Amino acid sequence: MVNKYVAGLSIDKIQTYLTEAIHAHVQEKQTEEATLKSIVNSSREISDDFFTAIENKFNEHKIEIEKLMSCSGVYIFSCTIAESDEPALEELLNELFLHYYHISQGNKLLHYVFFKNDGRTEIEAIQEAKKRLKQNKYFTRIIEKNKSQCKIEKSDTASAAKPKDHPLFSFCKIEKSDTASAANQKDYPMFVKDINALYQAKDTDSEDTGNSNHFRIAVIKADLDGMGDMFSSIKNYKEYTSTSEVLSDTVSLRGLHKAAKSCRPDNQSYTTGDWLFPFYIAGDDIFFAVSVTNIIKGVDVCQYLLKEIKNKLAEKLLGEISNKISMSIGVEITFNRQPIRYYLDRVEDQLENAKNDKNSSHINSLKPFLNSKISIGGLTFLDIDYAQFKDCKKSTSKERKSDLNSAINSVPIWQFFINDMNLLLFIKNTAACKELLGTPSFFYTLLERLSDEVIRCDDKKYINLLLYYLLPNYLGNTEERLWQAELLLNAAILRQLCRKIPKKGFIIDKSSYAKHRMDTYLRLMLLFSDPRFQIAKNQVSDTVLLSKENIDNARKNLLTKIRHCLYETISHKTLTSCFVKQDKFTIPADNTRAGNKKPRIISYYKTVRVEKSMFFRLRNTEKIPICKAAIMLSMNNNHNDLDNTTASQPDKPSYRMPFDAESFCEKTRSSTDWTPDFIDSLMLFYQYNEAVIKYKIITGNSKNHKDKRSIRYVRHS
């Protein structure tokens, strides 16, 4: 009687096999180079040779098979044979098991199952085969079967230790052969021959100057997300096979090489074109290394592969399926001489961090635009389709727009990080900026101070210190690009703590996660600010980088919003009203000006006059008692000057307020607000308030900008 059978084979998850090979305690060759070649060879075998070996085995015995599905490390097919030939089918599958066991020295274990089709559809047959391949009972039968049937020769060193009842798991003699190169250099010119070849002659990042034996690399591991849900949702066999073919073709050595060629760094030092070293790529796993200067290009390779998959699925009219696929990427920066097992574990941790990112609520809001999640240093960046995101904001409801703005301002966005890298490149390549901005000493000092436990555990001290470091020093400098770059850089640093809460507005996040985000960001900026590194990324033009929109956004985020945030922080203090008051002023209508045909009400701040030097003196609350502080402040605020100023400008708001010494003394004695931290916050408010005014003057946003004496009358926005 003739029956239709379904058979499925899978090599024990390639990642598991490779991990075991790396961690193996006993190897014939202990060198890292041999391990690397073994890993890449296995990747090639899984990607290219596995299917051919199965088809050849059955062709030799003249059994016609019909492929149902093939993907890296998995092959499912059907065949029609007589029921009496079922043992022969099992024997052929078992021969394949023994073949892979022997050639891998016992590390590569083949799972196989077979069963009568019994009227199942193609998809039902595939799902049943995959289900059985995952069940231990079928693999246990394979082990039991080969206890007695497997013929293995003894090696001289293992004969005494060989268990007679378990020949399958004894030591065996392997024929030695020359270790073949994993990838033919002619076929894959973008791949370097070994990991040390990633070194670039112009790199000087070495403890021994220019020594190619010790330099930094970026190890990158990526994994496709949503694969299980995607396949389980497919009900059409044609769609199922098309999807499998796309994945098998793209997630392969050929696909990786195509991506490496497309994303190749535009760098003249790469005379031969090779710049990427593949560890393995199979199934939905991608693992390779690049020089640390090409870290962004390495991530681009992963994103290219994801885009290729989505585009190919869209071409096959499988757009709905492609929308369910995203990617998690782990990046670990290490040295080329580190043991592979060390950075494999580390990059696995980064990959898991990307998969298990805790910002689930914000990720859900951005999920329609999400391409990948990238983890570096324990911090996960979201790579989104930013063009699609902006189009959605234009056409969505006000409430939805608010949620989207909140989400994108609450998590690290990869595109924003790329922009920061481009800004760092601009600073390093601009003579007026490179010695003054974005230096390693700046990032190191700020990171060191923020990492101090006393400061880190006190939110007030932490924020005061950060804002003190980010206060612009070159605003109004004759070199326009200098102060513009400083504004952009400081706003980018501050963005790591900024949050936009719907219906509440802008806040500074002081949570442990936000501080970890700031630490990681500063470490990355410290690394890439080092003049020994030149990030291989296409630099945007100065016109785009220093555009009016970018500068104005930086001004809002760094100056205007921080000024308001500082005021909100100190406004609940009893003493605040002695120094600062928020007021309103109505600007009359002016029919001669297009933008001022209706009366406008503006909000502004009135302040007591206090110089920066006086703030520093007042901080010493132990040596300067309250009564003495009141006298100093009174002498600094002349009521006659205040009255004259107000009288001479009746059509303008008064930005100066009188100092009430009696009220100050009374409130100070009845509260505990007068502390160095409060004085620091108050001083920072004054300085950011002055910076807002100064920005308006130098950018000509005030009709009085030509008269520097009118600085205190510039309207606050």
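Heads up: the structure comes first, above all this text.
In this report, the structure presented in the accompanying data block is examined. Nothing here was measured: the structure is a model prediction, and the numbers come from that model.

Points about the overall build of the protein
- Broken down by element type, the protein carries 27 helices and 14 strands.
- Across the 717 residues that make up the protein, the buried fraction comes to 51%.
- The contacts in the protein between residues at least 6 apart in sequence include a share of 72% that link residues at least 24 apart.
- Total accessible area on the protein stands at roughly 35,100 Å², and carbon and sulfur atoms take up 48% of it.

Examining the sheet that holds strand β7 (residues 285-291)
- Spatially, the six strands line up as an open sheet ordered β6-β7-β5-β8-β9-β10, and their pairing is mixed. The open sheet has two edge strands, β6 (276-282) and β10 (379-384), and neither has a second partner. With direction set aside, neighbouring strand axes in the sheet form an average angle of 20°.
- Sheet analysis places strand β5 (residues 216-225) next to β7, joined by seven bridges and oriented antiparallel. Looking at the pairing, valine 219 lines up with alanine 289 of β7.

Quick look at the side chain of threonine 520
- With respect to the helices and strands, the residue threonine 520 is situated in helix α20 (residues 512-529).
- Classification of threonine 520 as buried rests on a relative accessible area of 5%.
- Apart from residues lying up to four places away in sequence, threonine 520 is in contact with Ile376, Gly377 and Leu379.

Some thoughts on the pattern of salt bridges
- Scanning the entire structure with this criterion turns up 20 salt bridges.
- Glutamate 611 serves as the salt-bridge partner of arginine 609, at 4.0 Å between the closest nitrogen and oxygen.
- Overall, the relative accessible area of 31% leaves arginine 609 in the partly exposed class.
- The class for glutamate 611 is partly exposed, based on a relative accessible area of 33%.

Points about the environment of glutamate 448
- Inspection of the secondary structure puts glutamate 448 in helix α16 (residues 440-451).
- Each C-alpha atom, one on glutamate 448 and one on leucine 522, is 10.0 Å from the other, the two residues being 74 residues apart in sequence.

Quick word on the nonpolar core
- Membership of the largest hydrophobic core comes to 145 residues, with the highest contact counts inside it found for Ile493, Phe579 and Phe664.
- For this core, the element with the highest residue contribution is helix α27 (residues 676-698), accounting for 11 residues.
- Core analysis: the second largest hydrophobic core is formed by 29 residues, Ile81, Leu89, Tyr101 and Ile143 among them.

Notes on the sheet that holds strand β2 (residues 65-71)
- Taken in spatial order, the four strands of this open sheet run β2-β3-β1-β4, and their pairing is antiparallel. Both edges of this open sheet fall to β2 and β4 (110-116), since each of them pairs with a single strand only. Neighbour-to-neighbour, the strand axes of this sheet turn through a mean angle of 20°, independent of strand direction.
- Both β2 and strand β3 (residues 74-82) contribute to a ladder of six bridges, which runs antiparallel. Directly across from isoleucine 65, in β3, lies its bridge partner cysteine 79.

Concerning unusual backbone geometry
- One non-glycine residue with positive phi stands out, namely lysine 62, at about 55°.
- Among the structural elements, lysine 62 can be located in the loop between α2 (32-60) and β2.
- The exposed category is assigned to lysine 62, whose relative accessible area is 75%.

Looking at the layout of surface pockets
- Its volume calculated, the second largest pocket comes out at about 1,300 Å³.
- For the second largest pocket, the lining is made up of 32 residues, of which Tyr386, Phe416, Asn550, Asn553 and Asn557 are closest to its centre.
- Breaking the lining of the second largest pocket down by element, the ones donating at least two residues are α13 (386-395), α14 (398-408), α15 (414-428), α19 (480-494), β11 (498-501), α21 (542-545) and α22 (548-570).
- Sorting elements by how many residues they give to the lining of the second largest pocket places α22 first, with seven residues.
- Each residue belonging to the lining of the second largest pocket can be placed in one class, and the counts come to 14 nonpolar, eight polar and 10 charged.

Points about the environment of leucine 318
- Structurally, the position occupied by leucine 318 is in the loop between α9 (295-315) and α10 (319-322).
- Among the residues examined, leucine 318 registers a relative accessible area of 4% and is labelled buried.
- Between the C-alpha atom of leucine 318 and that of tyrosine 240, which follows or precedes it by 78 residues, the distance is 10.0 Å.
- Among all residues touching leucine 318, those that are not within four sequence positions of it are Glu239, Ser242, Thr243 and Leu313.

Focus on the pairing of β3
- In this structure, strand β1 (residues 2-11) lies alongside β3, joined through nine bridges in antiparallel fashion. Among the inter-strand pairings, lysine 4 is bridged to a residue of β3, identified as threonine 80.
- Following β2, the chain reverses through two residues before pairing antiparallel with β3; glycine 73 in that reversal takes a positive phi of roughly 85°.

A word on α22
- The terminal C-alpha atoms of α22 lie 32 Å apart, and with 23 residues this matches the ideal 33 Å at 1.5 Å per residue to within 8%.
- The largest bend along α22 measures about 35° and falls at lysine 556.
- Within α22, the full set of buried residues consists of Ile551, Ala554, Arg555, Leu558, Leu559, Thr560, Ile562, Arg563, Cys565, Leu566, Tyr567 and Ile570.
- Buried residues along α22 sit in contact with α18 (459-470), α19, β12 (505-508), β13 (580-587), β14 (600-607) and α27.

Digging into the packing of α15 against α20
- At a minimum axis separation of 11 Å, α15 and α20 run at an interaxial angle of 35°. α20 is crossed by α15, and the crossing has right-handed handedness. Contact residues: Phe417, Asp420, Met421, Leu424 and Lys428 in α15; Tyr521, Leu524, Met525, Phe528 and Ser529 in α20.

Focus: the packing of aromatic side chains
- Under the counting rule described, the total for this entry stands at 34 aromatic pairs.
- Centre to centre, the rings of phenylalanine 369 and phenylalanine 389 are 5.5 Å apart; their planes meet at 85°, and the pair counts as edge-to-face. With phenylalanine 369 in the loop between α12 (360-366) and β9 (370-376) and phenylalanine 389 in helix α13, this residue pair connects regions lying 20 residues apart in the sequence. Side by side, phenylalanine 369 and phenylalanine 389 carry an identical accessibility label, which is buried.
- Considering the side-chain rings of phenylalanine 664 and tryptophan 674, the 5.1 Å spacing of their centres and the 85° angle between planes classify their relative orientation as edge-to-face.

Thoughts on the side chain of asparagine 117
- Secondary-structure assignment places asparagine 117 in the loop between β4 and α4 (122-133).
- When sequence neighbours within four positions are dropped, the list of residues in contact with asparagine 117 reads Lys4, Tyr5, Val6 and Ala125.

Parameters at a glance
Residues numbered from 1 in each chain as written. Predicted model: local features only at pLDDT ≥ 70, side-chain atom pairs only at ≥ 80, totals over all residues. Heavy atoms only, no water. Helix = DSSP H or I, 4+ residues; strand = E, 2+ residues; numbered from the N terminus. Buried < 20%, exposed > 50% of the residue type's maximum accessible area, 1.4 Å probe, protein only. Contact = heavy atoms within 4.5 Å. Areas by Shrake-Rupley, 256 points an atom, 1.4 Å probe, with all protein chains shown as cover. Pairing = 2+ DSSP bridges. Axes fitted to C-alpha atoms, helices over the stretch in contact; angles between N-to-C directions. Salt bridge = Lys/Arg side-chain N within 4 Å of Asp/Glu carboxyl O. Core = buried A, V, L, I, M, F, W, Y, C linked by side-chain atoms within 4.5 Å. 1 Å grid on protein atoms, 1.4 Å probe; cavity = no way out; pocket = protein on both sides within 12 Å on 5 of 7 lines; lining within 4 Å. Points joined across faces, edges and corners; volume = space filled by probe spheres on them. Nonpolar A, V, L, I, M, F, W, Y, C, P; charged D, E, K, R; others polar. Expected span 1.5 Å × (residues − 1). Bend = angle between axes of the 7 residues up to and from the residue. Left-handed = near helix turned anticlockwise from the far one by under 90°. Phe/Tyr/Trp six-rings, centres within 6.5 Å; stacked < 30°, edge-to-face > 60°.

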